[in-house]
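# Geometric and topological summary
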Amino acid sequence: MAQALEADPNVEMILGLGTDEPKVPLERTEFVRADQTYSILNRIVRATQVDTIVHTFLKTNSVGISSRVLHEINVIGTLNLLAAAGAPGTSVRQVVVKSSTHVYGASEKDPTWFREETGRNAPVRTRLERSLIEVEALVRDFIMDNPQFVVSVLRFAHVLGTDIETPITADLRRRLLPCIAGFDPLVQFVEEDDVVRALEHVTRHRIPGIFNVAGAGKLPWSEVASIAGAFLFPLPPINPRSFARPFRLLGLIQFPVEMESLLRFGRGVDTSRLIETGFAYRYSSAGAVESLAQANNLRRAVGDNQPTYRYEQDVEQFFQHSPAVVRGVDG
Amino acid sequence: MTSDAPDTSRTSQRNLRNAGNTGPGGAEVIHQSNIKGSSSRSSSASASAEARSGRTPSPNLPVAVPRVDSPPVNDPRRSDVDEWGRSEHLRSVARRLYGPLYRRWFRVEWEGLEKIPKTGGALLVANHAGAIPSDAPAIMHGIEEELGRPVYGMADYFFRKVPVVGTLWSRAGGVAAHPDNAYRLLHDQGQLSLVFPEGTKGPSKSYADRYRLRRFGRGGFVEIAMRSGVPVIPIAVVGAEESMPILFRMNGLAKVLKLPYFPVTANDLAFGPLLGKVAYFPAKIKIRVLDPVTFDVDPGLERYSKSRVMDEAEHIRAKLQDTLHDMLRERRSVWFG
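Computed from a predicted structure; not experimentally measured. (Residues numbered from 1 in each chain as written. Chains lettered and ligands numbered in written order. Predicted model: local features only at pLDDT ≥ 70, side-chain atom pairs only at ≥ 80, totals over all residues. Heavy atoms only, no water.)

Regarding its fold elements, chain A presents twelve helices and twelve strands. Relative to its full complement of 331 residues, chain A shows a buried share of 57%. For chain A, the computed accessible surface area is about 13700 Å², with 54% contributed by carbon and sulfur atoms. (Helix = DSSP H or I, 4+ residues; strand = E, 2+ residues; numbered from the N terminus. Buried < 20%, exposed > 50% of the residue type's maximum accessible area, 1.4 Å probe, protein only. Areas by Shrake-Rupley, 256 points an atom, 1.4 Å probe, with all protein chains shown as cover.)

Next up, the structure:
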């Protein structure tokens, strides 16, 4: 995201905030390490007079994270972020929130395509969904309290890509895809490049509103396995979670609780609203799967790409921050 | 995350476009060096064009600008399963298997098939009967064979919860009955879709109540047809009642199994409790298509007059009931028609 924005000469300054160092080379972005609840954000906003906050830190899967931490990150983090954005005398005018289509749940009563205003049918059983719904409620309150803000909420379908680790990408990499026997749900994916481009699109053009973001089309889970060259690992329809437990502990599969209803009923979201704002996807749902499968094939053949940018980054850091560099001479 | 090169080109294209299209507006975008932008984790500020010029947020969009930078999206599908879960391949296999049953067992006879349009959406509305209804496959098979166009059968969402059955039903053209689904099928895609407004009340009634139409839900099917701007085509089916007549229902067992109803049928007595769930009696099935009903209302509205909807639903129900009585009067034998 930051890389995409750096390419725009109209953006004067980019400030990154996160708990980990960025994993990609960033030329102009300044990065600040913060705790996971963004408690420091208020001061940063005041100090830097930013006008846009892009909130991409929400957890959208519950693997390896306790429910308390999940709550801290998603709900409290968003609370602090919105509080900082809406503080008196704020310079912020735009907030972009990256949410997930998990807010729709998955149940047998669902329509084939969820529109942004379609309500959810499934009872909220998992803590992940509960936290995401709570976050969206916070955002809704924020919009009501601060109507002058441009607020965009992007609900992303399952993200696939080599740079992102989700239960599904992990399963696809291991070529072992859990499924529930007797069910072959239709699912939707979005490629990580499209995720970044969608965030960039609404940020750059300041488009307010709630938008579904997912690649075109739905495909059956079995077809996902076939495109990715993965084997299906059938779990019994009754209590699949406890059956999967030993395999999860062995690290053979990942099967977070929010996947269970998805693997029965699937989910599809209508993305026409975002497309009408002028956004063009580069990948369909099936295309996202294929692109990841090809990247995985490459990785199997030549091993992981070694990060080659560390050196340049260090040099860049030196130019930016070292007192030895004479400012104003070169650029 | 993303490669820099394409983004750079996108950006420059956009700026060129801005400069070309908006003249002074383009310059505005360029003189932004004193505006600060930033964000959490990343972010930006193409800043303030909208605040300064007082425009709505959207004029900045590349509206109506041909998108030169979007190559056709590659969609490497491997199966022919469509967005509804229907697979034409599996559907044709199902038709091949069902064909002999349709021709030799039920000896299905149609009347007025020409009233079903060859193109465009229409909502087919039929009576529903038999413990495990034999009318839906007969109607879908007949229309698909004769007219060569797909029929999507709308069914209670309960189906989707059942392993294997739910998936097969969906691949064979079944769609969960949801207003959004019906609207998309009828209005956006101009498909034929088949509904049974009686819902599970139709097939769950016992043999003593045969050919007595149940309440037509809440008239939702009329509202869908009005909103989609398609005709309702009522279809009367005779014979399905006798193919699997219900003697009584076991409500307690149904509750335990979380089924809408658990029937005990004459077929269970004749063929045993397992085979009896799939073996139909060879009742002659006759299907009569009634004249399409159109509504003189604007399509696309959010709501329609409830009284009008209920009147139309009741009107269609009465016509269907009369037709059933006519057909039964003319029928001389349950087995030979």
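After that view of the structure, there is still more to cover.
Further remarks concern helix α2 (residues 41–48) of chain A. All names here are of chain A. Within the sequence span of α2, burial applies to Leu-41, Ile-44, Val-45 and Thr-48. The buried side chains of α2 occupy one side of the element, clustering within an arc of 100° when seen end-on. For α2, exposure combined with an orientation more than 90 degrees from the buried face picks out Arg-43, Arg-46 and Ala-47. Just downstream of α2 lies Gln-49, where phi reads positive at about 55°. (Arc of directions from axis to C-beta.)

What follows concerns the packing of aromatic side chains. On inspection of all chains with the given rule, the structure shows 14 aromatic pairs over all chains. For the pair Phe-243 of chain A and Phe-247 of chain A, a centre-to-centre distance of 5.9 Å together with 35° between the ring planes defines the contact as tilted. Taken together, the positions of Phe-243 of chain A and Phe-247 of chain A, both in helix α8 (residues 240–249) and four residues apart, correspond to about one turn of that helix. Relative to Tyr-281 of chain A, the ring of Phe-279 of chain A lies with its centre 5.0 Å away and its plane at 85°, an arrangement referred to as edge-to-face. Here the two residues Phe-279 of chain A and Tyr-281 of chain A agree in accessibility, since each one is buried. An aromatic cluster is present here, built from Phe-233, Phe-243 and Phe-247 of chain A joined pairwise through their rings. Its end group placed over the ring of Tyr-152 of chain B, Arg-86 of chain B keeps NZ or CZ at 5.0 Å from the ring centre. The ring of Tyr-207 of chain B has Arg-210 of chain B lying over it, and the distance from NZ or CZ to the ring centre is 4.1 Å. (Phe/Tyr/Trp six-rings, centres within 6.5 Å; stacked < 30°, edge-to-face > 60°. Lys NZ or Arg CZ within 6 Å of the ring centre and 35° of its normal.)

Residues and elements named next belong to chain A. Contact geometry of helix α3 (residues 67–85) with helix α4 (residues 127–145) gives a least axis separation of 9 Å together with a crossing angle of 10°. Of the possible angle classes, the one that applies to α3 and α4 is roughly parallel. Residue-level contacts link Ser-67, Leu-70, His-71, Asn-74, Val-75, Thr-78, Leu-79, Leu-82 and Ala-85 of α3 to Arg-127, Leu-128, Ser-131, Leu-132, Glu-134, Val-135, Leu-138, Val-139 and Phe-142 of α4. Looking at the contact of α3 with α4 residue by residue, the classes come out as eleven nonpolar, five polar and two charged. (Axes fitted to C-alpha atoms, helices over the stretch in contact; angles between N-to-C directions. Parallel < 35°, antiparallel > 145°, perpendicular 65-115°, else oblique. Contact = heavy atoms within 4.5 Å. Nonpolar A, V, L, I, M, F, W, Y, C, P; charged D, E, K, R; others polar.)

Further remarks concern the pattern of salt bridges. All told, the structure shown has 34 salt bridges over all chains when counted by the stated rule. The salt bridge involving Arg-115 of chain A is made with Asp-180 of chain B; its shortest N-O contact spans 3.2 Å. Taken together, the positions of Arg-115 of chain A in the loop between β4 (94–100) and α4 and Asp-180 of chain B in helix α7 (residues 179–188) put the pair across two chains. Salt-bridge contacts for Arg-86 of chain B lead to Glu-88 of chain B; the nearest nitrogen and oxygen are separated by 2.7 Å. Through salt bridges with shared partners, a single network forms among Arg-86, Glu-88, Arg-91, Arg-95, Glu-144 and Glu-145 of chain B. (Salt bridge = Lys/Arg side-chain N within 4 Å of Asp/Glu carboxyl O.)

Once that is clear, we can look at the sheet that holds strand β3 (residues 52–55) of chain A. Residue and element names in this part refer to chain A. The parallel open sheet is built from four strands, whose spatial order is β3-β4-β5-β10. The sheet is open, and its two edges are formed by β3 and β10 (209–213), each paired on a single side. Direction aside, neighbouring strands of the sheet carry axes that sit 15° apart on average. Two strands pair when backbone bridges link them, and β4 and strand β5 (residues 150–156) are joined in this way by seven bridges, in the parallel orientation. Note on β5: the bridge partner recorded for Val-97 is Val-153. Its contacts with the sheet put α4 on β4 and β5, and the angle it makes with β5 is roughly 160°. (Pairing = 2+ DSSP bridges.)

Take the environment of Thr-271 of chain A next. You can see Thr-271 of chain A is positioned in the loop between α9 (258–265) and α10 (272–276). Ignoring anything within four residues of it in the chain, the contact list for Thr-271 of chain A reads Asn-212, Val-213, Ala-214 and Tyr-281 of chain A.

Further remarks concern the nonpolar core. The biggest cluster of nonpolar side chains holds 48 residues, and the ones touching the most others in it are Ile-53, Val-92, Val-95, Leu-154, Phe-156, Val-213 and Leu-274 of chain A. No other element matches α3 of chain A, which puts seven residues into this core. One finds Trp-110, Leu-194, Met-244 and Ile-287 of chain B within the second-largest nonpolar core, a separate group that totals 33 residues. (Core = buried A, V, L, I, M, F, W, Y, C linked by side-chain atoms within 4.5 Å.)

On to α7 of chain B. Helical periodicity: at 3.6 residues per turn, an α-helix aligns residues three or four positions apart in one direction. Residues and elements named next belong to chain B. Every buried residue belonging to α7 is among Asn-181, Ala-182, Leu-185 and Leu-186, and all of these are buried. Down the axis of α7, the buried side of the element spans an arc of 110°, and every buried residue falls inside it. In this fold, the buried residues of α7 make contact with β2 (122–126), β3 (151–155), β4 (174–176), β5 (192–195) and α8 (220–228). Phi turns positive one or two residues past the end of α7, at Gly-190, with a value near 60°.

Neighbouring strands of a sheet are bound in pairs by backbone hydrogen bonds; such pairs are parallel or else antiparallel. All names here are of chain B. Pairing in this open sheet of seven strands is mixed, and the strands run β1-β9-β6-β2-β5-β3-β4 from one edge to the other. Looking at strand neighbours, the two that pair on one side only are β1 (109–111) and β4, the edges of this open sheet. Direction aside, the axes of adjacent strands within the sheet are offset by 25° on average. Pairing of β3 with β4 involves three bridges; the strand directions are parallel. Considered in β4, the bridge of Met-154 is made with Val-175. Contacts from helix α12 (residues 306–330) reach β2, β6 (232–238) and β9 (286–289) within the one sheet, and its direction differs from that of β6 by about 30°.

Another aspect to go through is the pairing of β2 of chain B. Residue and element names in this part refer to chain B. Burial of β2 is extensive: five of the five residues sit out of reach of the surface. Residues Ala-122, Leu-124 and Ala-126 of β2 are buried on one face, and the alternating residues Leu-123 and Val-125, pointing to the opposite face, are buried as well. Where β2 meets β5, four bridges bridge the pair, whose relative direction is parallel. Along β5, the bridge assignment pairs Ala-122 with Leu-192. Here β2 pairs with β6 via four bridges, running parallel. Residue Leu-124 lies in a different strand from β6, and its bridge partner there is Ile-233.

Take the environment of Gly-217 of chain A next. Residue and element names in this part refer to chain A. Looking at where Gly-217 falls in the secondary structure, it is placed in the loop between β10 and β11 (219–220). The spacing of Gly-217 and Gly-268 is 51 residues in sequence and 8.3 Å in space, taken between C-alpha atoms. In contact with Gly-217, not counting residues within four places along its chain, are Trp-113, Val-187, Gln-188 and Ser-285.

The next subject is the side chain of Arg-155 of chain A. Residue and element names in this part refer to chain A. Topologically, Arg-155 is positioned in strand β5. The buried category is assigned to Arg-155, whose relative accessible area is 6%. Polar contacts involving the side chain of Arg-155 include one to the side chain of Glu-136, which spans 2.5 Å. Filtering out sequence-adjacent residues up to four positions away, Arg-155 remains in contact with Ser-99, Ser-100, Thr-101, Val-103, Tyr-104, Glu-116, Glu-136, Ile-210, Phe-211, Asn-212 and Val-213. (Polar contact = N/O pair within 3.5 Å; in protein donor to acceptor, adjacent residues only side chain to side chain.)

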